[in-house]
Amino acid sequence: MKKITVFIAAILFSMGILSAGHVVKAEEKTDVPEISVTNVSSTYTFTSKSQGKWIPLKPKTSGILYSLGNIYDKDKKLVPGIKNIDEQDTYIKNVSTADVYYIKLPTQISGKVTVSEIKMLQDNRTWLNVKDKCWQSGKNQNVYQRFNVGKRSIQTFTAWCVDDSAGNIRVQIQMLKNNKWVNVTNGKYLRADEFDTLTTGLKKGSYRLVSKASDKQIGKYELKNSSMSSKYQTKKSKAQKISLGKSKTNIYTSTEKASRWYRVSRTSLKKRYVKVNVANNSGKIKVSVYKKGRTKALKSVTLSSDNSGKIKYTYRLKSGKGTYYVKVSKSGSKMNGKYTIQYK
């Protein structure tokens with residue numbers, strides 16, 4: 001009998017009905033005639049009393065119905081939904097409280113089976129909150145979600161797509177100026193095949209994320225921010241010092257234009273490097289390295305982000321001991337994002 005139970009459990013797990021490896025702190029409910037689906041997963045246990053039954057799923061909120069396994073419609077036909085290819089999860093869009101869905105229990109149950117990962121995900125949220133993960137179904141048109149920035153800061157939007165094959169998500173940031181929405185970044189396509197990030201540098205104000213995805217796609221978004229001091233030097237004579245082994249990080253917002261100056265001191269002939277990391281969405285950053293006493297730059301490079309939104313550059317100091325200056329300038333009216341100057 002033990003071998004049969006294990007065998008059935010393996011079949012149920014492959015069907016997505018059995019949940020394994022999930023720790024759910026919820027009251028266990030046994031042989032319920034129906035399941036009320038909320039935004040919190042509950043655990044349901046079924047014994048031989050329920051074998052072969054169709055268990056109704058009744059959503060208590062509207063949004064996206066999520067399940068670890070297969071879901072059937074009111075006519076007890078399999079709902080394709082939107083699948084995560086790697087995990088075989090099922091997501092069903094545009095579900096209302098008037099809808100009824102079903103799960104199908106095995107025709108034979110020896111021991112018990114457990115159902116957990118079934119819940120409602122909130123869709124079409126109009127406001128984004130920091131560190132709050134939200135879901136958004138694609139509509140083949142722009143979707144707008146508001147957020148506020150209280151301080152000059154780095155704002156990053158991370159997106160993950162349910163279906164790798166349903167296309168990328170296009171995102172852009174707009175700011176409310178004089179009661180009009182104005183683009184402060186260029187548009188960027190966040191790739192469907194992995195977690196992808198839009199990094200921006202924004203000043204205090206009201207903003208919105210503009211996203212567009214296929215109606216066969218669902219995206220999961222997360223907004224994170226990190227406030228950033230506006231203490232930087234725009235004159236070479238007052239350049240900020242970066243000590244050996246240290247770094248300085250700052251941002252450009254779309255409205256900031258002035259160049260910034262940094263300095264490092266080379267006190268020996270050991271190999272020393274200036275490393276520049278850039279994470280931005282729009283425009284380019286120009287980095288120039290000078291030696292004290294010289295007017296011509298030793299090296300100038302213009303950095304534009306690659307598809308990942310990040311770029312790195314390393315320059316070896318080769319002109320002897322002394323003070324070196326690093327000038328950081330922006331290129332492009334919409335250039336915004338963060339940069340880090342490191343001395344190694």
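The shown structure was predicted, so the numbers you read here are calculated from the model rather than taken from an experiment. (Residues numbered from 1 in each chain as written. Predicted model: local features only at pLDDT ≥ 70, side-chain atom pairs only at ≥ 80, totals over all residues. Heavy atoms only, no water.)

The helix and strand tally for the protein chain stands at one helix and 26 strands. Here the protein chain, with 344 residues, has 45% of them falling under the buried criterion. Taking as baseline every contact in the protein chain between residues at least 6 positions apart, the subset at least 24 positions apart corresponds to 73%. Of the roughly 18000 Å² of accessible surface on the protein chain, a fraction of 47% belongs to carbon and sulfur atoms. (Helix = DSSP H or I, 4+ residues; strand = E, 2+ residues; numbered from the N terminus. Buried < 20%, exposed > 50% of the residue type's maximum accessible area, 1.4 Å probe, protein only. Contact = heavy atoms within 4.5 Å. Areas by Shrake-Rupley, 256 points an atom, 1.4 Å probe, with all protein chains shown as cover.)

It is worth spelling out empty space enclosed by the protein at this point. What the rule picks out here adds up to two cavities of 30 Å³ or more. Of the pockets and cavities examined, the second largest cavity occupies roughly 30 Å³. Forming the walls of the second largest cavity are Gln 136, Ser 137, Gly 138, Lys 139, Gln 141, Val 143, Ser 211, Lys 212, Ala 213 and Tyr 221. Elements supplying a minimum of two residues to the lining of the second largest cavity: strand S11 (134–137) and strand S18 (205–212). (1 Å grid on protein atoms, 1.4 Å probe; cavity = no way out; pocket = protein on both sides within 12 Å on 5 of 7 lines; lining within 4 Å. Points joined across faces, edges and corners; volume = space filled by probe spheres on them.)

In this section: the sheet that holds strand S17 (residues 196–202). The strand order across the open sheet formed by four strands is S11-S19-S13-S17, and the pairing between neighbours is antiparallel. Pairing within the sheet leaves two strands with one partner each, and these edge strands are S11 and S17. Averaged over all pairs of adjacent strands, the angle between strand axes in this sheet comes to 25 degrees, irrespective of strand direction. With four bridges joining them, S11 and strand S19 (residues 218–227) adopt antiparallel strand pairing. Within the sheet, the bridge partner assigned to Ser 137 lies in S19 and is Ile 218. (Pairing = 2+ DSSP bridges. Axes fitted to C-alpha atoms, helices over the stretch in contact; angles between N-to-C directions.)

All right, on to the sheet that holds strand S2 (residues 35–37) then. With mixed pairing, three strands are arranged side by side in an open sheet as S2-S4-S8. Two strands lie at the open edges of the sheet, namely S2 and strand S8 (101–104), each paired on one side alone. Neighbouring strand axes in the sheet, compared pairwise and without regard to direction, differ in orientation by 30 degrees on average. Note that strand S4 (residues 54–59) and S8 share four bridges and pair antiparallel.

Moving on to the pattern of salt bridges. Enumeration according to the criterion identifies five salt bridges in this entry. With a closest N to O distance of 3.5 Å, Asp 75 and Lys 74 form a salt bridge. Since its relative accessible area comes to 48%, Asp 75 is described here as partly exposed. As a salt-bridge pair, Glu 256 and Arg 260 come within 2.9 Å of each other at their nearest N and O atoms. For Glu 256, a relative accessible area of 14% gives the class buried. The class for Arg 260 is buried, based on a relative accessible area of 0%. Sharing partners across several salt bridges, the network here consists of Arg 152, Glu 256 and Arg 260. (Salt bridge = Lys/Arg side-chain N within 4 Å of Asp/Glu carboxyl O.)

We now examine the packing of aromatic side chains. The relative placement of two aromatic rings is captured by the distance of their centres and the angle of their planes. As enumerated under the stated definition, the model contains eleven aromatic pairs in all. The interplanar angle of 90 degrees and the centroid separation of 6.4 Å between the aromatic rings of Trp 54 and Tyr 102 together place this pair among those described as edge-to-face. With Trp 54 in strand S4 and Tyr 102 in strand S8, this residue pair connects regions lying 48 residues apart in the sequence. The class for Tyr 102 is buried, based on a relative accessible area of 16%. (Phe/Tyr/Trp six-rings, centres within 6.5 Å; stacked < 30°, edge-to-face > 60°.)

Relative to the helices and strands, Leu 198 resides in strand S17. Those residues in contact with Leu 198 that sit more than four places away from it in its chain are Gln 155, Thr 156, Phe 157, Val 171, Ile 173, Lys 188, Leu 190 and Asn 281.

A word on a positive patch on the surface. A surface patch of positive charge is lined by Lys 271, Lys 299, Arg 316 and Lys 318. Mapping Lys 299 onto the fold places it in strand S24 (residues 299–303). Lys 299 sits in the partly exposed class, given a relative accessible area of 35%. (Patch = residues over 30% accessible without salt bridge, like charges linked within 9 Å, V, L, I, M, F, W, Y side chains within 5 Å. Lys, Arg positive; Asp, Glu negative; His and termini not counted. Charge placed at Lys NZ, Arg CZ, Asp CG, Glu CD.)

Non-glycine residue Lys 76 carries a positive phi angle of around 65 degrees. Within the secondary structure layout, Lys 76 lies in the loop between strand S5 (63–67) and strand S6 (82–83). According to the relative accessible area criterion, Lys 76 is partly exposed, its value standing at 38%. Within the chain, Asn 179 stands out as a residue other than glycine whose phi angle is a positive 65 degrees. Mapped onto the elements, Asn 179 comes out in the loop between strand S14 (169–177) and strand S15 (180–183).

A few words on the nonpolar core. Counting 22 residues, the largest nonpolar core has Leu 317, Val 328, Tyr 339 and Ile 341 as its most contacted members. Residue assignment for this core shows that the elements contributing at least two residues are strand S22 (260–266), strand S23 (273–291), S24, strand S25 (310–316) and strand S26 (322–343). Take this core: its biggest share by element is seven residues, from S26. Non-local contacts of Val 328, meaning those with residues more than four positions away in its chain, are made with Tyr 252, Ser 259, Arg 260, Tyr 262, Ile 285, Lys 286, Tyr 339 and Ile 341. (Core = buried A, V, L, I, M, F, W, Y, C linked by side-chain atoms within 4.5 Å.)

This next bit is on the environment of Gly 320. Within the secondary structure, Gly 320 is located in the loop between S25 and S26. Taking C-alpha positions, Gly 320 is 9.9 Å from Lys 271, a pair spaced 49 residues apart along the chain. In this view, Gly 320 contacts Arg 266, Leu 269 and Lys 291; residues no more than four positions away in its chain are not counted.

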